[in-house]
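Residue-level listing of the chains:
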Amino acid sequence: MNHIRGSLIYEGKAKRVFECDNPERVLIEFKNDATAFNAKKRAEIAGKGRLNCKISTALFELLELNGISTHFLALQSETLMIADKVNVIPLEVVIRNIATGSLCRETPINQGTILNPPLLDFYYKDDELGDPILTEERLKLLNLISTSHLKEIEKVTRSVNKILKEYFDALDLLLVDFKLEFGLNSSGKLVIADEISPDNCRFWDKKNSDPKDRILDKDRFRQDLGGVIDAYEEILKRIEKDTSKAT
Ligand code: UDP
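Residues numbered from 1 in each chain as written. Predicted model: local features only at pLDDT ≥ 70, side-chain atom pairs only at ≥ 80, totals over all residues. Heavy atoms only, no water.

Peer 1: What is the right way to look at the pairing of strand β14 (residues 201-205) in this model?
Peer 2: Every other side chain in a regular strand lies on the same face of the sheet, so the side chains alternate between the two faces. Of all five residues in β14, five are buried; the element is thus mostly enclosed. Side chains of β14 alternate between two faces, with C201, F203 and D205 and R202 and W204 buried alike. Alignment of strand β12 (residues 173-184) against β14, held across five bridges, turns out to be antiparallel. Within β14, the residue paired with L175 across the bridge is F203. (Buried < 20%, exposed > 50% of the residue type's maximum accessible area, 1.4 Å probe, protein only. Helix = DSSP H or I, 4+ residues; strand = E, 2+ residues; numbered from the N terminus. Pairing = 2+ DSSP bridges.)

Peer 1: Please explain the site of the ligand as it appears in this structure.
Peer 2: Around the ligand, the surrounding shell holds 16 residues, and the nearest of these are R96, S102, D177, R202 and R222. R96 places a side-chain nitrogen or oxygen 2.8 Å from an oxygen atom of the ligand. One of the side-chain nitrogen or oxygen atoms of R222 is found 2.9 Å away from an oxygen atom of the ligand. Out of a free accessible area of 520 Å², the ligand has 83% covered by protein chains. When contributions to the shell around the ligand are tallied by element, the ones reaching two or more residues are β9 (91-98), α2 (101-106), β12 and β14. (Near = heavy atom within 4 Å. Polar contact = N/O pair within 3.5 Å; in protein donor to acceptor, adjacent residues only side chain to side chain. Areas by Shrake-Rupley, 256 points an atom, 1.4 Å probe, with all protein chains shown as cover.)

Peer 1: Would you mind showing me how to read the nonpolar core here?
Peer 2: If you look at soluble globular proteins, the nonpolar side chains tend to sit buried side by side. L59, F122, V160, L164, F168, F182 and I192 are the most contacted members of the largest nonpolar core, which totals 55 residues. Sort the elements by how many residues they give to this core and helix α4 (residues 147-170) lands first, with eight residues. Sequence-distant contacts of F122, that is, excluding residues within four places in its chain, are made with L91, E92, V93, P132, I133, L134, L139, L150, I153 and E154. (Core = buried A, V, L, I, M, F, W, Y, C linked by side-chain atoms within 4.5 Å. Contact = heavy atoms within 4.5 Å.)

Peer 1: Just checking my understanding: could you explain the sheet that holds strand β7 (residues 80-84) for this structure?
Peer 2: Two modes of strand pairing occur in sheets, parallel and antiparallel, and in both the strands are linked by backbone hydrogen bonds. Spatially, β1-β2-β3-β7-β6 is the arrangement adopted by the five strands of the open sheet, whose pairing is antiparallel. Of all the strands in the sheet, just β1 (5-11) and β6 (72-77) have a single pairing partner and so form its edges. Strand-to-strand twist across the sheet, computed as the mean angle between neighbouring axes with direction ignored, equals 30 degrees. Sheet analysis places β1 next to strand β2 (residues 15-20), joined by four bridges and oriented antiparallel. Each residue of the ladder has a partner; that of E11, found in β2, is R16. Sitting on the sheet, helix α1 (residues 48-65) touches β3 (25-30), β6 and β7, and the angle it makes with β6 is about 150 degrees. (Axes fitted to C-alpha atoms, helices over the stretch in contact; angles between N-to-C directions.)

What follows is the structure in structure tokens.
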């Protein structure tokens, strides 16, 4: 079901979104650009677009198989995804299984603390404001979504976490935390949008206890640890090994 690429609708930090010959769909191109700290740190990492597109595809397919609705429809090429056209809700929904990152910078919670139940945080998606964390009341005050959609987002995010945590555990990877974005498609249905990749998930290798070496995600870029592309390749390799086992 290949589509003809139309005009550019939106260019983000890691992706470009194009119109296509179906008004209810878009083509999403995964770029090699990497950014961190609100785009203050930037680099071009050859191969990242292809890896994130493939990893996201595998994870969206896994979620769909488990009854979770996503914007993913098909792959058109190694870096081009066909997806539902959605109105993205300006929320970053973060769920955390292990404390690290901003949680440990902003609170006295120790690095590596197991969070049970997983901690769900909402951030307002706005680079100029620095994606501020929202309280439940601020979220309601902003009036971004209905209460029922908010409840659905919480429920879906917790389900996705359970599915992905178990999936990665079997691949000897700890799913530390990740960020989801949601949108409403042309039928008004709530679906997961954006991507699910080492750019917006944290993965720690269970087979490695070194606190730096075990990192297999964008923290390698954020912390200048090197080996960014090798880490992303390793995630895809483990996913593909798992897929080949199933077929
Ligand atoms: N995250 C993201 N985009 C953002 C902020 C965070 O995808 O703009 C992801 C990040 O990769 C991690 C999770 O959300 O998997 C939690 O990030 P955290 O709040 O700890 O922020 P950070 O330490 O990256 O500033």
